[in-house]
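Structure assessment
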Amino acid sequence: MIEDTLSIEGTYSTAEIKPDSTLLDVAALEASLATATFKIPLVKKAIADSSALLDARYKANQNITDIVTGRAWVIDQILRLAWQQQNWPDSKDISLVAVGGYGRGELLPHSDIDILILTRKNRNRQYKDVISRFLTFLWDIGLEIGQSVRSIKQCKQEASNDITVATALMESRTLIGPPELQAEMLALTNGKRVWPMKKFLSAKVEEQQARHNKYHDIDYALEPNVKTSPGGLRDIQTIAWVAKRHYGASTFKDLVKLGFLKDSEEIMINKGLQFLWKLRYGLHLLEGRREDRLLFDKQRELAKLFGYEDDPKSLGVEKLMKQYYRVVANLRELNDMLLQHLDEAILRADERTRITPLNNRFQIHNGYIEVISADVFKRYPSALLELFVLMAQNPQIEGIRAATIRLLRENRRLIDEEFRFDIRNVTLFMELLRSPHKMTLQLRRMARYGILGRYLPEFGQIMGQMQHDLFHIYTVDAHTLQVVENMRKFLYPGAEADYPVAAHIAHNLPKVELLYIAGLYHDIAKGRGGDHSSLGKIDAINFCQRHRLSTWDANLVAWLVDKHLFMSMTAQRKDISDPDVIHEFATAMGDKLHLDYLYAMTVADIRATNPELWNTWRAALMKQLYLNTKRALRLGLENPVDREERIADKKQNALTKLLDRGLSESQIRRVWETAADEYFLRESAANIVWHTEAIATFTGEGPLVSINEYADKHTAAATQVFIYTTNTDFLFANSTAAFEKLNLNIQGARIFTSANDYCMDTYTLLEDSGRPVGNNPRRLNEICKVVTEYLSQGNKPVAPLHFRQSRKEKYFAHRVETNWVNTPGKPYSTLEINCPDQPGILACVGKIFADNDISLRDARITTLGERVEDLFFVTDRRGQVINDPARIEKLQSEIKSQLQERLAA
């Protein structure tokens, strides 16, 4: 009978691995194999039975460490039995060794089973056929094997060339065969022979940095990888590898005995490890294959599996992910501290000590700040904030010494209500917000080390708060700090190139710190239920009062938090060329200072929500709204521009330019005589010139299709397509179907019908890249050709194309919502449609309008992540507001049912 205990000598294990006969009766299986003709079915059944039992224990929420190590024990026994089925010549010179994660005694349902067939000599022809039969047997029984066959000397050569090989061999253990082979191999591949300690640590730190950079160094990605994302399992293993190499420690408990870890830190690592194992095991179980990514659909399934339930304030999946984010934040914090400690103890051990005193509490030690004595924080609790202020005021400080990081963690409990109201501390925090150097980096450090969440308990509540959609790509706290960082970027040299308006504004704000405070508090109340802007406004006022800000300053900050969505919604959902819209928005601003602060806040917020949301068109809309509002404020709110005066001014402006272009006044008047006043009111003078010239000089037959670039000074912001053709029922439906076939994203549409029943429609478009078409003759010709082809269908609809939804789109394909509004005094009805974004939606809506005798006069198309929020300004065929409740209900019902059917297809 083979030995059924697991040797963990030489491995970095977190728990003792014990034999478990309830998982596998080794003796019975060995006896059956001795007499069986067909061995593969027997072994496959044994593995399947063991796996089913382990899965049942997992679902019953039994100890995950026992489950993970139990699977490794089962596979040990299977491999030993398989090895014994072969006739090995010279068995004293060959052994089977577990390496990597399997070598640690950790095995998830679909983890690779990494093995090394280790030989004493380089030439091993006598083993070739036997090894082939052995590996074939393992594949036949369904094991996911990662194998290598090497001699002891070859192991040294490979380990010297590749640090991942050296690391895997460190975690090796002999399964069967002479154990001295592994001992000799370890002696040849230790830190004295290959990868000396400094080189090993440097390589591991670089490896981790490269891994973190793949995830933009953010712990809080919305679909993280449990194994490789910052704070994941690999970060724990990195510490273990380096500590084992340097200290020779085999367990985390050994590191406690050596003084490298504290008891509380070892407990935190083990709890975090077990939580991540539970997630990873669940992912493998749900997918039926190796999967380490916490994808959106699997998050929801795991939340149910773990017993997290929805409530009025948050979804069960958000609760699960909040726990995940807090676990990885703790592990990331520990990883930072321990790697910093190893950096000081190993990489910088030979540096000449350079000390620069800062004050009676802190000094700079070889570029890193440290406390002068271990009791500094206990004697001067305010030093918990002062440390970060000093770093913001002294750019030469590279970071924090490991011992001081540990003291920060141990003493952060001193931040209580009394601490928060202490005048010294509120003064220090305001000093930090006014600091010239790397202020947001210090805020991030404060968040990572648990200081910011204690000093601002409301910020602590949003740490790890997930936003379960594709609109936001960060958690609330990560998004918040990114907003503040974007605000800081407005002040950087050269910022005018990327943020021409925002940079100019930021440099002229009287108190830029008020902008930062509004950024910190704009989403502070998310996850509480209710209107987060209104609730956050209260928190912002409390912060301002606690920090001794004036009433005027506090009111401005509270106003910014309350109105932080107002400008983006106005720019994207209203007609900002309409003087009434501008007058209404300017009235809400009150003065240019409020406008300036809100513009800077809005740009920073959109850029931090999802970088893909900020494109040239949104930038142009925001700038236009800002400039139009600034002009209205300068002229005076009590003197709005008269409608007739504005139309006359535009006509005169356009006429002058058209005459300069060589058109006669009679040509111009012929085009204008059928156009409604509404056209001149809502269209820009530049577009009126473009449209008039295109119509007046058009000599072809069929629809006129003209393309122009909407430019913001010298930069194209979007591509505009003007269509002039006879009005038909399905004109909008077929136009949008053409653009969707061309993979052009519609940003807006202006629909006008002239007195001679010709449509003058202008669509604002961007490529999938978020940029305009530009000077690309081939693409421009393609657009003209396809649009003309679609419009030539006459009064019949073109079927919208069907596109396959991505995994994320399917997951977020929630219900379709509609809302009908008849605003007093407006000559149109407003229909709002919120639904998942998918090509063909607009064409489908256009067909429904035509089928129901609805005339479209304008549209605002807004894409927010995975959803669209579209506004359609409509009338009946007579140009009247639609008031009939039955007709409105029928139209909305038809839109919902047809869009739902399309999205489900």
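Counting from 1, residues in each chain are numbered in the order their sequence is written. Two thresholds apply to this predicted model, a pLDDT of at least 70 for residue-level local features and 80 or more for giving and counting side-chain atom pairs, whereas whole-chain, interface and lining totals are computed over all residues. For side-chain calculations, the full set of non-hydrogen atoms in the structure is used, while hydrogens and water are omitted.

Between two packed helices, both the angle of their axes relative to each other and the distance between the axes serve to describe the pair. A fitted line through C-alpha atoms serves as each axis, taken over the contacting stretch for helices, and the angle formed by two N-to-C directions is quoted from 0 to 180°. We count a stretch as a helix when DSSP gives it H or I for four or more residues in a row; a strand needs E for two or more, and each element gets its number in order from the N terminus. As a packed pair, helix α26 (residues 512-521) and helix α31 (residues 592-609) sit with axes 10 Å apart at the nearest point and diverge in direction by 45°. Judged by the angle between their axes, α26 and α31 are oblique. Along this stretch, α26 crosses α31, giving a crossing that reads as right-handed. Listed contacts from α31 to Val 512, Leu 514, Leu 515, Ala 518 and Gly 519 of α26 are Tyr 597, Ala 600 and Met 601. Oblique is the label for any angle not covered by the other classes, which are roughly parallel (under 35 degrees), roughly antiparallel (over 145) and roughly perpendicular (65 to 115). Whether a crossing is left-handed or right-handed is set by the direction in which the near helix is turned from the far one by less than a right angle, anticlockwise for left-handed and clockwise for right-handed. Residues are treated as being in contact if the distance between any of their heavy atoms lies within 4.5 Å.

This brings us to the pattern of salt bridges. We define a salt bridge as a side-chain nitrogen of Lys or Arg found within 4 Å of a carboxyl oxygen belonging to Asp or Glu. Taken as a whole and judged by the stated rule, the model has 58 salt bridges. Two residues, Arg 348 and Asp 343, come together in a salt bridge whose shortest N-O distance is 2.6 Å. Relative accessible area serves as the criterion here: at 16%, Asp 343 is assigned to the buried category. We note a salt bridge from Asp 575 to Arg 682, for which the minimum N-O separation is 3.4 Å. Of this pair, Asp 575 sits in the loop between α29 (566-573) and α30 (579-589) while Arg 682 sits in helix α35 (residues 677-682), and the two are 107 residues apart along the sequence. Arg 682 matches Asp 575 in its accessibility class, with the two residues each being buried. The buried label applies to any residue whose accessible area, calculated with a 1.4 Å probe on protein chains only, is under 20% of its type's maximum; exposed applies above 50%, and partly exposed to all values in between.

Across the sheet, which stays open at both edges, the four strands sit in the order β3-β2-β1-β4 with mixed pairing between neighbours. Edge positions in the open sheet fall to β3 (145-151) and β4 (173-176), since each of these has one partner strand only. Neighbouring strand axes in the sheet, compared pairwise and without regard to direction, differ in orientation by 35° on average. Two strands qualify as a pair provided DSSP detects at least 2 bridges between them. Direction of pairing for strand β1 (residues 94-98) relative to β4: antiparallel, over a ladder of three bridges. Looking across to β4, one finds that Leu 96 is bridged to Ile 176. Across the sheet, helix α6 (residues 152-161) touches β2 (113-119) and β3, and the angle it forms with β3 is around 110°.

With that settled, the discussion passes to the confidence of the model for the protein. On average, residues of the protein score 88 in pLDDT, and 93% of them are at 70 or above. Long-range and interchain partners of residues 1-15, a stretch whose pLDDT sits below 50, account for 55 contacts in this model, where long-range means more than four residues apart. The quantity called pLDDT is the predictor's confidence in a given residue, expressed from 0 to 100.

It is worth spelling out the pairing of strand β13 (residues 817-821) at this point. On β13, burial follows the alternation: Thr 818 and Trp 820 on one face are buried, whereas Glu 817, Asn 819 and Val 821 on the facing-out side are not. Where β13 lies against strand β14 (residues 829-836), five bridges are found, and the strand directions are antiparallel. Residue pairing in the sheet places Asn 819 in a bridge with Glu 832 of β14.

Within the largest apolar cluster, 210 residues are counted, with the highest numbers of intra-cluster contacts made by Leu 138 and Phe 429. For this core, the leading source of residues is helix α14 (residues 316-347), giving 14 residues. Nine residue types can take part in a nonpolar core, namely buried Ala, Val, Leu, Ile, Met, Phe, Trp, Tyr and Cys, and a core is a set of them joined through side-chain atoms within 4.5 Å. Judged by nonpolar contacts, the second largest core, of 48 residues, contains Val 705, Val 786, Leu 791 and Ile 841.

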